[in-house]
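Notes for the structure review
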Amino acid sequence: MFVNLVMEFRKFNFNLEVKMRKKVIAGNWKMNNDINESQNLVSGIINGLGNDDKCDVIVCPPFTSLNDVNSLIKETQVKLGAQNMYFEESGAYTGEISANMLKAVGCEYVILGHSERRTIFNEIDETINKKIIKATESVLKVIFCIGETLSQREKGTTNDVVRLQLIKGLQDVSEVDLKNIIIAYEPVWAIGTGKTATPEQAQDVHSFIRNLIKENYSSEAAEGIIIQYGGSVNPDNAAELLSQKDIDGALVGGACLKADSFLSIIASV
Ligand code: 13P
């Protein structure tokens, strides 16, 4: 009887902790949408959302649309994120954007370490780590992306790859700063391919990541951190993915470019 009561209490307590992690749905627009198209898309999202604030919603348009999108989301629950930044404050870095510039244009978030940055633009863990440190110092929240390629998964090295990316990316990041970091697990083979990780595959890696946070920080940090899944999330697969215990949200690419499909992913929370 007593044991049952204790178990019920633990279950209740656990549910309470899990519930405390509000889901976060972010749209990574990548290199899509000029200013006009961006305004149309974000207006569609705002209108469709109404007062629904079951989850946090972030949009990450290209740099050129940040200012105009910011004007439209000001009085709404939608938050603004950028897709990249450089770790220096200012100076002769042609083509780069600083953390303070992003903040000045209304960004609350920045995506860092996306696999497209890693593979197409040769970003390495050390650079990503410098960017994460600069962003958190500048009070920008980070969506930090990690994930394995298909060949790494086939070789059975998924956990090793994810562990290394996580440890290197978060080097010298304090537990206080970790509160401003969302981790996005995005298996590279699932990005833009229509091949989603099964809910079980995703849950396994998410739980592995949460354990890594526990080992390297604390149980409290592990319970609090938001871990999003990204990679071909769409209105048909979102609900099942988001119902997994350790999946706290989604980082959506292709399906966030139409207000309807982004809204139905949000509705599936
Ligand atoms: P897709 O949803 O198009 O697979 O892209 C995912 C992604 O890269 C989000 O950052």
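Residues numbered from 1 in each chain as written. Predicted model: local features only at pLDDT ≥ 70, side-chain atom pairs only at ≥ 80, totals over all residues. Heavy atoms only, no water.

Pairing within the closed barrel is parallel, and its eight strands lie in the order β1-β2-β3-β4-β5-β6-β7-β8. With strand direction ignored, the average angle separating the axes of adjacent strands in the sheet is 25°. In this structure, strand β6 (residues 181-185) lies alongside strand β7 (residues 227-230), joined through three bridges in parallel fashion. Looking at β7, one finds that Ile183 is bridged to Ile227. Packed onto the sheet, helix α6 (residues 125-137) meets β4 (109-112), β5 (141-146) and β6 and runs at close to 160° relative to β5. (Pairing = 2+ DSSP bridges. Helix = DSSP H or I, 4+ residues; strand = E, 2+ residues; numbered from the N terminus. Axes fitted to C-alpha atoms, helices over the stretch in contact; angles between N-to-C directions. Contact = heavy atoms within 4.5 Å.)

As a further point, take the pairing of strand β3 (residues 78-82). A regular strand places its side chains on the two faces of the sheet in alternate fashion. The buried count for β3 comes to four of five residues, which makes it a mostly enclosed element. Where strand β2 (residues 56-60) meets β3, three bridges bridge the pair, whose relative direction is parallel. Looking across to β3, one finds that Val59 is bridged to Leu80. Bridge count for β3 against β4 is two bridges, and the pairing is parallel. (Buried < 20%, exposed > 50% of the residue type's maximum accessible area, 1.4 Å probe, protein only.)

Let us look at the packing of aromatic side chains. The full count for this structure, using the stated rule, is three aromatic pairs. Each ring, one from Tyr86 and one from Tyr93, has its centre 5.1 Å from the other, and the planes form 50°; the classification is tilted. Within the aromatic cluster, the residues linked to one another by ring pairs are Tyr86, Phe87 and Tyr93. Positioned above the aromatic ring of Phe121, the side-chain terminus of Arg117 is 4.1 Å from the ring centre. (Phe/Tyr/Trp six-rings, centres within 6.5 Å; stacked < 30°, edge-to-face > 60°. Lys NZ or Arg CZ within 6 Å of the ring centre and 35° of its normal.)

With their axes 11 Å apart at the nearest point, helix α8 (residues 158-169) and helix α10 (residues 199-216) run at an angle of 45° to one another. Relative to α10, α8 is oriented oblique. Classified by chirality, the crossing of α10 by α8 is right-handed. Residue-level contacts link Thr158, Asn159, Val162, Arg163, Leu166 and Ile167 of α8 to Val205, Phe208, Ile209, Leu212, Ile213 and Asn216 of α10. Residues of the contact of α8 with α10, tallied by class, amount to eight nonpolar, three polar and one charged. (Parallel < 35°, antiparallel > 145°, perpendicular 65-115°, else oblique. Left-handed = near helix turned anticlockwise from the far one by under 90°. Nonpolar A, V, L, I, M, F, W, Y, C, P; charged D, E, K, R; others polar.)

Time to look at the nonpolar core. Phe144 and Ile183 are the most contacted members of the largest nonpolar core, which totals 66 residues. Per-element tally for this core: the top contributor is α10, with six residues. With sequence-adjacent residues up to four places away left out, Phe144 is seen in contact with Leu112, Arg118, Ile128, Ile132, Gln165, Leu166, Gly169, Leu170, Ile181, Ile182, Ile183 and Ala184. (Core = buried A, V, L, I, M, F, W, Y, C linked by side-chain atoms within 4.5 Å.)

What follows covers the pattern of salt bridges. A complete count under the given rule lists 17 salt bridges for this structure. Residue Glu223 is joined to Arg21 by a salt bridge in which the shortest nitrogen-to-oxygen separation is 3.2 Å. Within this pair, whereas Glu223 is found in helix α11 (residues 219-224), its partner Arg21 is found in the loop between α1 (2-20) and β1 (24-28), the two being separated by 202 residues in sequence. Taking relative accessible area as the criterion, Glu223 reaches 24% and is therefore assigned partly exposed. The residue Asp248 makes a salt bridge to Arg210 at a minimum N-O spacing of 2.8 Å. Of this pair, Asp248 sits in the loop between α12 (238-242) and β8 (249-252) while Arg210 sits in helix α10, and the two are 38 residues apart along the sequence. Arg210 shares its class with Asp248; the two are buried. Each of Arg21, Arg210, Glu223, Lys245, Asp246 and Asp248 takes part in one network of salt bridges that share partners. (Salt bridge = Lys/Arg side-chain N within 4 Å of Asp/Glu carboxyl O.)

This next bit is on the site of the ligand. Around the ligand, the neighbouring residues are Asn28, Lys30, His114, Glu186, Ala190, Ile191, Gly192, Gly231, Ser232, Leu251, Gly253 and Gly254. At 2.6 Å from an oxygen atom of the ligand is found a main-chain nitrogen or oxygen belonging to Gly192. Within the backbone of Ser232, an N or O atom sits 2.7 Å from an oxygen atom of the ligand. In isolation the ligand offers 310 Å² of accessible surface; the protein chains occlude 95% of this area. Considering only residue class, the shell around the ligand consists of three nonpolar, seven polar and two charged. (Near = heavy atom within 4 Å. Polar contact = N/O pair within 3.5 Å; in protein donor to acceptor, adjacent residues only side chain to side chain. Areas by Shrake-Rupley, 256 points an atom, 1.4 Å probe, with all protein chains shown as cover.)

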